[in-house]
Amino acid sequence: MSIRPVLETRSARPTMEGAGVHLHRAFGFQDPTELDPFLLFDDFRNERPEDYLRGFPWHPHRGIETITYVLAGAVEHGDSLGNTGRLGAGDVQWMTAGSGIMHQEMPLGNAKGQMHGFQLWANLPASLKMTTPRYQDVKSPDIPEITDDDGTVVRVIVGSFWGKTGPVDGIAADPQYLDISVPAGVKKTFKVDTYRRAFAYVFEGSGRFADASRPQGVLLEKEVMGEEVNIRDMSGNRTLIRFGTGDEVTVQAGDHGIRFLLISGAPLEEPVAWHGPIVMNTKAELMQAMSDLRNGTFIRPAK
């Protein structure tokens with residue numbers, strides 16, 4: 001058994017998307033080989049309705065899959081094929097854009113005005129770039145949840161873990177997507193397939209991810225006694241941890257426990273031509289997608 005080394009830790013950065021949604025981006029629009037097959041990860045957590053209600057109006061996708069996981073509030077969605085729906089707290093949607101789709105996502109707060117969810121983009125291999133679009137909408141009660149003897153709780157959204165299999169299937173990257181809560185003070189090790197790229201995203205509590213040498217924290221600039229200094233911040237909230245190769249990940253939960261997503265997938269190792277929500281393999285394919293948008297042929301007839 002080998003512990004995956006921590007290659008990097010970094011804080012998600014504030015940004016704005018859609019019609020003015022304030023969110024935090026852990027990665028995206030950078031080096032597509034870094035976490036291949038994953039391209040982008042956004043954390044849209046807000047308690048101010050004015051920061052999210054304008055939502056994500058109609059926009060195109062081609063060549064990728066988008067995974068939306070809602071923790072609080074809801075997301076109403078619709079698309080150019082006539083599909084509509086609503087994702088509530090704990091629900092997941094896995095959308096395969098394939099050959100092309102136009103859709104919109106409009107966040108709604110809960111009774112307290114809170115909205116929290118994540119969106120992950122996964123690349124499609126060349127052989128499936130132009131596949132027929134499809135949705136997999138999964139309600140919270142249908143997601144397996146396992147509680148270990150030490151109080152650790154794992155929701156298995158995609159893939160198999162601890163004898164349970166998530167309800168989303170047929171995904172090109174053969175991913176594993178887990179929502180993990182570890183109680184205060186507990187040290188826990190989780191198996192991850194050696195041949196997958198893997199990352200964790202911490203969104204509640206605190207903890208330390210151990211590698212072969214020492215625990216890692218996030219190097220942040222903070223003001224101390226009126227001066228900017230670099231310090232190791234172990235709080236972990238809104239923190240991305242990128243792992244190297246190995247077959248297990250170990251975390252030591254802090255004083256208030258820790259909750260994080262552990263996501264892994266098989267790298268495609270294919271060329272990437274990327275423009276916004278359209279991801280193809282070549283510049284020529286990308287130009288064709290732009291042409292299709294202009295001339296009204298972006299949406300292919302259902303076969």
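Residues numbered from 1 in each chain as written. Predicted model: local features only at pLDDT ≥ 70, side-chain atom pairs only at ≥ 80, totals over all residues. Heavy atoms only, no water.

### Describing the pattern of salt bridges
To be explicit about the condition: Salt bridge, as used here, is a side-chain nitrogen of Lys or Arg placed within 4 Å of a carboxyl oxygen of Asp or Glu. Helix numbering and strand numbering both begin at the N terminus, where a helix is a DSSP run of H or I of at least 4 residues and a strand a DSSP run of E of at least 2.
A complete count under the given rule lists 20 salt bridges for this structure. Taking the shortest distance from any N to any O, the salt bridge between Glu 34 and Arg 242 comes out at 3.9 Å. Of the two residues, Glu 34 is situated in the loop between strand S3 (21-27) and strand S4 (38-46) and Arg 242 in strand S23 (residues 239-243); the sequence distance between them amounts to 208 residues. Ionic pairing is found between Arg 62 and Asp 292, a salt bridge with its closest N-O pair at 3.1 Å. Within this pair, whereas Arg 62 is found in the loop between strand S5 (56-61) and strand S6 (64-72), its partner Asp 292 is found in helix H1 (residues 283-295), the two being separated by 230 residues in sequence. Taken together, the shared-partner salt bridges in this structure form one network comprising Glu 8, Arg 10, Glu 34 and Arg 242.

### Concerning the side chain of Thr 250
Filter applied, for reference: Three exposure classes are used, based on accessible area relative to the maximum for each residue type with a 1.4 Å probe and protein chains only: buried under 20%, partly exposed in between, and exposed over 50%. Polar contacts, as used here, are pairs of N or O atoms within 3.5 Å; protein pairs need one atom able to donate a hydrogen and one able to accept it. Residues neighboring in sequence count only if both atoms are side-chain atoms. For this analysis, residues touch if any pair of their heavy atoms sits within 4.5 Å.
By the element assignment, Thr 250 lies in strand S24 (residues 248-265). Given the relative accessible area of 5%, Thr 250 is considered buried. A distance of 2.9 Å separates polar atoms of two side chains, one belonging to Thr 250 and the other to Thr 189. When sequence neighbours within four positions are dropped, the list of residues in contact with Thr 250 reads Ile 3, Lys 187, Lys 188, Thr 189, Arg 208, Phe 209 and Ala 210.

### Considering the sheet that holds strand S7 (residues 74-79)
Spelled out, the test is: In this description, strands pair whenever DSSP reports at least two bridges between them. Interaxial angles span 0 to 180 degrees and are taken between N-to-C directions of axes, which are lines fitted to C-alpha atoms, for helices over the stretch in contact.
Strands sit in the order S5-S10-S7-S8 across an open sheet of four strands; the sheet is antiparallel. The strands lining the two open edges of the sheet, one partner per strand, are S5 and strand S8 (84-87). Strand-to-strand twist of the sheet, defined as the mean angle between neighbouring strand axes without regard to direction, takes the value 25 degrees. Here S5 runs beside strand S10 (residues 101-108); their pairing, made up of four bridges, is antiparallel. Its bridge partner lying in S10, His 61 is registered against Ile 101.

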